[in-house]
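Geometric and topological summary
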Amino acid sequence: MKKKKNDIKSSSFSDGQKAYLLNIKMQKIFIIWSRILIFAGFLILWQISSDFGWIDDFYFSSPLAIGSLFLHDIKDMSLLHHIGITLMESGISFLLIILCSLLTATLFWFYPVLGRMFEPFLIVLNSLPKSALAPLIIVWLGTGSKTIILCGMSVGVFGCILNLYQTFQQTDPERLKLVETLGGTRMQAFTKVVFPGNLPAFISVSKVNIGLALVGVIIGEFLAGRRGLGFLIIYGSQTFKLDLVILSIVILCFIAMIIYWGLNVLEKKITLRIG
């Protein structure tokens, strides 16, 4: 049955459409393999440079040395523990950023006067270097996970509130007028028009803020952590274990890549359902 359906679908396309779709598919395959080859070439060049002494492997390490350290630390579970701590703190920070931002932006949409009152303060707070806030947070709360989570929140929450509030304000006024004409309440306008209509923008904002939450957590772990990948980076630099520093950075890159890929998949599914 599936083959018959595919045959019917393929027969419904003209030769030009088939050629166009094949060209798009080949471009995607080319891009994927190009990325793989560029990454593999970088690793090979890095390893060769280390083996032949073109770079100092004490400072720059090598892919084999980092892989060996990764396998060693995975066996005694110490690395997994630090990865888990960073993921937990980043996840909580991200959820709190989204929750606080959504609630605040919604409140500002319902009461525009509040939005206009607080918008300049949010712009100033969003413009501040977030690393400058971290020492204050440590003095107020001490060291520990709560401080690190708050550091993660401080990086993204102000910008997220502003982005969501401005997105809600840009909702098509004709749709809102239609809801009002039909006797709908402001709550119904928000739940039926404003939020669903801006869901793709909400996902885009979330994609940015998951990265910002991770950055904020790493800053917090630099200054106040005793566990996590940020702590490993600081510990490795202080003890000149640069293999550990580079390994932690590589793991952070993979975490960011996986999270971004997951949010991309979610965005496509939501876009297809809305469409």
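**Some remarks on the overall build of the chain**
If you tally the helices and strands in the chain, you get 13 helices and zero strands. In the chain, the succession of α and β elements from N to C terminus is α-α-α-α-α-α-α-α-α-α-α-α-α. With the principal axes as the frame, the chain shows a C-alpha extent of 75 × 65 × 30 Å. Relative to its 275 residues, the chain shows a buried fraction of 33%. The long-range share in the chain, meaning contacts at least 24 apart out of those at least 6 apart in sequence, stands at 72%. Surface accessibility of the chain: about 17,600 Å² in total, with carbon and sulfur atoms responsible for 71%.

**A word on unusual backbone geometry**
Of note, the phi angle at Ser61 is positive, near 55°, even though the residue is not glycine. Residue position: Ser61 is located in the loop between α3 (57–60) and α4 (63–75). One non-glycine residue with positive phi stands out, namely Phe240, at about 60°. Assignment of secondary structure puts Phe240 in the loop between α12 (229–238) and α13 (242–274).

**Regarding the nonpolar core**
Membership of the largest hydrophobic core comes to 28 residues, with the highest contact counts inside it found for Ile97, Trp109, Leu122, Cys160, Leu164 and Phe168. Among the elements of the structure, α5 (78–110), α8 (145–169), α10 (186–197), α11 (199–224) and α13 are those that each provide at least two residues to this core. Ranked by residues supplied to this core, first place goes to α8 with nine residues. With near-sequence residues (within four places) excluded, Ile97 lies in contact with Gly152, Met153, Gly156, Val157, Cys160, Asn209 and Ala213. In this structure, Ile66, Leu232, Ile233 and Leu252 belong to the second largest nonpolar core, which totals 17 residues.

**Considerations on the side chain of Ser90**
Structurally, Ser90 is set in helix α5. Ser90 gets classed as buried once you look at its relative accessible area, which sits at 5%. Filtering out sequence-adjacent residues up to four positions away, Ser90 remains in contact with Ala213, Leu214 and Val217.

**Digging into the packing of α5 against α11**
With their axes 8 Å apart at the nearest point, α5 and α11 run at an angle of 130° to one another. In terms of their interaxial angle, α5 and α11 are classed as oblique. Seen along the crossing, α5 lies across α11 with a hand that is right-handed. Touching Ile85, Thr86, Glu89, Ser90, Ser93, Phe94, Ile97, Ile98 and Leu102 of α5 are Phe202, Ser206, Asn209, Ile210, Ala213, Leu214, Val217, Ile218 and Glu221, all from α11.

**Remarks on the packing of helix α7 (residues 130–141) against α8**
Across the interface, α7 lies against α8 with an axial gap of 9 Å and an inter-helix angle of 145°. Read as a crossing pair, α7 and α8 show a hand that is right-handed. Contacts from Lys130, Leu133, Ala134, Ile137, Ile138 and Leu141 of α7 reach α8 at Thr147, Leu150, Cys151, Ser154, Val155 and Phe158. Considered class by class, the residues forming the contact of α7 with α8 number nine nonpolar, two polar and one charged.

**Remarks on the confidence of the model for the chain**
Looking at the chain, the pLDDT average stands at 85 and 95% of residues meet or exceed 70. Looking across the chain, the model is least confident in helix α1 (residues 2–11), with a mean pLDDT of 48, and most confident in α5, with 92. pLDDT under 50 marks residues 1–10. Its contacts with residues more than four places away, or in other chains, come to one contact.

**Focus on the packing of aromatic side chains**
Tallying each qualifying case throughout the model produces 12 aromatic pairs. Judged by centre distance (5.1 Å) and plane angle (85°), the ring pair of Phe58 and Tyr59 falls under edge-to-face. In this structure an aromatic cluster arises from ring pairing among Trp109, Phe110, Phe168, Phe190, Phe195 and Phe202.

About the cut-offs
Residues numbered from 1 in each chain as written. Predicted model: local features only at pLDDT ≥ 70, side-chain atom pairs only at ≥ 80, totals over all residues. Heavy atoms only, no water. Helix = DSSP H or I, 4+ residues; strand = E, 2+ residues; numbered from the N terminus. Buried < 20%, exposed > 50% of the residue type's maximum accessible area, 1.4 Å probe, protein only. Contact = heavy atoms within 4.5 Å. Areas by Shrake-Rupley, 256 points an atom, 1.4 Å probe, with all protein chains shown as cover. Core = buried A, V, L, I, M, F, W, Y, C linked by side-chain atoms within 4.5 Å. Axes fitted to C-alpha atoms, helices over the stretch in contact; angles between N-to-C directions. Parallel < 35°, antiparallel > 145°, perpendicular 65-115°, else oblique. Left-handed = near helix turned anticlockwise from the far one by under 90°. Nonpolar A, V, L, I, M, F, W, Y, C, P; charged D, E, K, R; others polar. pLDDT = per-residue confidence, 0-100. Phe/Tyr/Trp six-rings, centres within 6.5 Å; stacked < 30°, edge-to-face > 60°.

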